[in-house]
Amino acid sequence: MENSNQTVPFRFFLLGLSTVPHLQVLGFLLLLVVYINALLGNGLLLITVRISPTLHTPMYFFLSNLSMIDIFLSSTIVPVILKNTVSTDKSISVGGCAFQMFFSLVVGVAECLLLTVMAYDRFVAICRPLHYSSIMNMRFCVILALIPWTFAVVNSSIQVLVTFTGLSFCKTNFINHYFCEIPPILRLSCKDPWLNKIIMYVASVIIIFWSLSLNVISYVYIISSILKIRSSQGRQAAFSTCSSHFTVLTLYYATLIFMYLQPPSSHSLETDNTVSLIYTAGMSMLNPIIYSIRNKDVKNCIRKMIKTR
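Bear in mind that the values here come from a model prediction, so they are computed numbers and not experimental data. (Residues numbered from 1 in each chain as written. Predicted model: local features only at pLDDT ≥ 70, side-chain atom pairs only at ≥ 80, totals over all residues. Heavy atoms only, no water.)

A look at the pairing of strand S1 (residues 11–14)
For step 1, the next point in the chain: Along S1, the buried face is formed by Phe 12 and Leu 14; none of Arg 11 and Phe 13, which line the opposite face, is buried.
For step 2, the next point in the chain: Direction of pairing for S1 relative to strand S2 (residues 91–93): antiparallel, over a ladder of 3 bridges. Directly across from Arg 11, in S2, lies its bridge partner Ser 93.
For step 3, the next point in the chain: Note: S1 against strand S3 (residues 174–175), 2 bridges, orientation parallel. By the bridge assignment, Leu 14 is partnered in S3 with Ile 175. (Buried < 20%, exposed > 50% of the residue type's maximum accessible area, 1.4 Å probe, protein only. Helix = DSSP H or I, 4+ residues; strand = E, 2+ residues; numbered from the N terminus. Pairing = 2+ DSSP bridges.)

Next up, the structure:
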């Protein structure tokens, strides 16, 4: 596997959470709890929206899509981390690595763009309330929900293709990361992966800053419209419908920019791995908690659902 003439290793080897036994157990249990909470929280949100007629609105349709993305994102990555933490066999096939990279990129990009769609939904609801039902009809909502997945699949296909067909790996087959992500894979390349880096940074800038800019523009108009409301109760009600989404946006883009748009010289392997873990596992758990705690409609529906049981 260390032969320099070998261009593609038969298997890669991924890190677990730690090499220290007691830290392995602690990390495994902590991540397992986070993962279970992510599945339960997002699953509960999906069920609540599905069986509560009052939540059959565009806002909760997109929130259901976000919950599905969070389930897919954590399930694509966390089980592999858990397995590699306790198992002596930490290997993953090249095909398995490409599969994991593809699907983690798909759901990651889809989530980024879906948050932009959700911001647009809030913009229409607050800035164009009289036309909301006609603009955000079900057909248009389905189209808006499909756009993030389409862009995500196209971007991920390009990224994975140029990584696994355009590069040769002969330095080592040990990936110093929890899962198959583009930056640590590029470090294994025999040649300078300058083209891959350009494609990765261009895609990151376009996706992150394009979606971030649209989110900022939407919230500038939203806040401007809310401030024009004369009633303090009306302003509070309008702010409450956006507070959950705005909180998620802040946490999401902070971790995303830190992961993908830092200068290479400022990267720390330990910090990158930690932030990546927070993004993939932590955010999937936090999203349903934030939307449940900060959303009266969801809390009321969950209470009613529990009482009827």
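Having seen the structure, we can now continue with the description.
A few points about the state of the cysteines
Two cysteines whose sulfur atoms are joined by a covalent bond form what is called a disulfide.
For step 1, the next point in the chain: Scanning the model with the defined rule gives 1 disulfide in all.
For step 2, the next point in the chain: Through a disulfide, Cys 97 is tied to Cys 180; the S-S separation comes to 2.0 Å. Here the S-S torsion is close to -120°, and the disulfide linking Cys 97 with Cys 180 is therefore left-handed. Linking Cys 97 in helix H3 (residues 94–127) with Cys 180 in the loop between S3 and helix H6 (182–186), this pair joins segments that are 83 residues apart in sequence. (Disulfide = S-S within 2.5 Å.)

Remarks on the sheet that holds S2
Sheets are built from strands that pair by backbone hydrogen bonding, the pairs being arranged parallel or antiparallel.
For step 1, the next point in the chain: In space, the 3 strands of this open sheet follow the order S2-S1-S3, with mixed pairing throughout. Both edges of this open sheet fall to S2 and S3, since each of them pairs with a single strand only.

Here we look at the packing of aromatic side chains
Both the distance between ring centres and the angle between the ring planes are used here to describe each pair of aromatic rings.
For step 1, the next point in the chain: Under the counting rule described, the total for this entry stands at 7 aromatic pairs.
For step 2, the next point in the chain: Each ring, one from Phe 13 and one from Phe 174, has its centre 5.0 Å from the other, and the planes form 25°; the classification is stacked. Of this pair, Phe 13 sits in strand S1 while Phe 174 sits in strand S3, and the two are 161 residues apart along the sequence.
For step 3, the next point in the chain: Three or more aromatic residues link up through ring pairs in this structure, and these residues are Tyr 120, Phe 123, Phe 140 and Tyr 221. (Phe/Tyr/Trp six-rings, centres within 6.5 Å; stacked < 30°, edge-to-face > 60°.)

A few points about the side chain of Gln 100
For step 1, the next point in the chain: With respect to the helices and strands, the residue Gln 100 is situated in helix H3.
For step 2, the next point in the chain: Only 3.3 Å separates the side chain of Gln 100 from the backbone oxygen of Thr 76, close enough to count as a polar contact.
For step 3, the next point in the chain: Of the polar contacts made by the side chain of Gln 100, one reaches the backbone nitrogen of Cys 180; its length is 2.8 Å.
For step 4, the next point in the chain: For Gln 100, the contacting residues outside a window of four places in its chain are Thr 76, Ile 77, Val 80, Ile 92, Phe 179 and Cys 180. (Polar contact = N/O pair within 3.5 Å; in protein donor to acceptor, adjacent residues only side chain to side chain. Contact = heavy atoms within 4.5 Å.)

So, the confidence of the model for the chain
For step 1, the next point in the chain: Taken over all residues, the pLDDT of the chain has a mean of 83, while the share at 70 or more is 89%.
For step 2, the next point in the chain: Per-residue pLDDT stays below 50 along residues 1–7; that stretch engages in 15 contacts with residues further than four places along the chain or on separate chains. (pLDDT = per-residue confidence, 0-100.)

Topic: a nonpolar patch on the surface
For step 1, the next point in the chain: A grouping of Trp 194, Leu 195, Ile 198, Val 202, Ile 206, Trp 210, Leu 214, Ile 217 and Tyr 221 is seen on the molecular surface, where their side chains present a nonpolar patch of about 920 Å² in accessible area.
For step 2, the next point in the chain: With respect to the helices, strands and loops of the structure, Val 202 is situated in helix H7 (residues 194–227). (Patch = residues over 30% accessible without salt bridge, like charges linked within 9 Å, V, L, I, M, F, W, Y side chains within 5 Å. Areas by Shrake-Rupley, 256 points an atom, 1.4 Å probe, with all protein chains shown as cover. Salt bridge = Lys/Arg side-chain N within 4 Å of Asp/Glu carboxyl O.)

Focus on the nonpolar core
For step 1, the next point in the chain: Counting 63 residues, the largest nonpolar core has Phe 62, Met 118, Ile 222 and Tyr 252 as the members making the most contacts within it.
For step 2, the next point in the chain: In terms of residues, this core owes the most to one element, H3, which gives 15 residues.
For step 3, the next point in the chain: With 19 residues, the next largest nonpolar core counts Phe 12, Ile 92, Val 94 and Met 101 among its residues. (Core = buried A, V, L, I, M, F, W, Y, C linked by side-chain atoms within 4.5 Å.)

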